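Tertiary structure, described
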Amino acid sequence: MKTFTTILITVAMFVFLGACTEEAPSVRVRNDLDSKINVQLKPATGNTVNINDVEAGSTTAPMNVEEGVWTASASVQSQPLKSTQTFKTDNDILYTIVLVNVESPVIQVLAEEK
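An account of the accompanying structure is given in this report. (Residues numbered from 1 in each chain as written. Predicted model: local features only at pLDDT ≥ 70, side-chain atom pairs only at ≥ 80, totals over all residues. Heavy atoms only, no water.)

This next bit is on the nonpolar core. Val 29, Ile 37, Val 39, Leu 41, Phe 87, Ile 97 and Leu 99 are the most contacted members of the largest nonpolar core, which totals 21 residues. Among the elements of the structure, β1 (26-31), β2 (37-43), β3 (49-54), β5 (68-76) and β8 (93-100) are those that each provide at least two residues to this core. Here Ile 37 is in contact with Val 29, Asn 31, Ile 51, Asn 52, Asp 53, Val 54, Ser 75, Val 76 and Leu 99, once residues within four sequence places are set aside. (Core = buried A, V, L, I, M, F, W, Y, C linked by side-chain atoms within 4.5 Å. Buried < 20%, exposed > 50% of the residue type's maximum accessible area, 1.4 Å probe, protein only. Helix = DSSP H or I, 4+ residues; strand = E, 2+ residues; numbered from the N terminus. Contact = heavy atoms within 4.5 Å.)

Apart from glycine, the bulk of residues carry a negative phi angle, and the bulk of peptide bonds sit in the trans form. Positioned with a positive phi, Asp 53 is a non-glycine residue whose angle comes to about 60°. Tracing the chain through its elements places Asp 53 in strand β3. Judged by relative accessible area, which is 48%, Asp 53 ranks as partly exposed. At Asp 92, a position not held by glycine, the phi torsion is positive, near 70°. Mapped onto the secondary structure, Asp 92 falls in the loop between β7 (85-89) and β8.

Note that every value here comes from positions in space, so none of it alone points to a role or purpose.
Laid out in structure tokens, this is it:
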């Protein structure tokens, strides 16, 4: 019985610790345009992240980024879009940078819990 209690307490601790662990924020790009795009993510401080050659109608795999303020910009066939979007990243959130297919393409940022 003592062994069972020890195992039960150990399992409960692992479950508790696992539930309290934070995951780094993640970003992915969804291209709703008809052309291949390049996206540039600039943090308030630190190195710029480039996500290049995102095919039309596709979504990239998520990549972890630092918490903080980021600015997303994009170019289509080497022509920069006029639209940029600034957003704040937080742990445990997946951000999707969406290039919206309208007459003058715009960038939207969607957020969802991981």
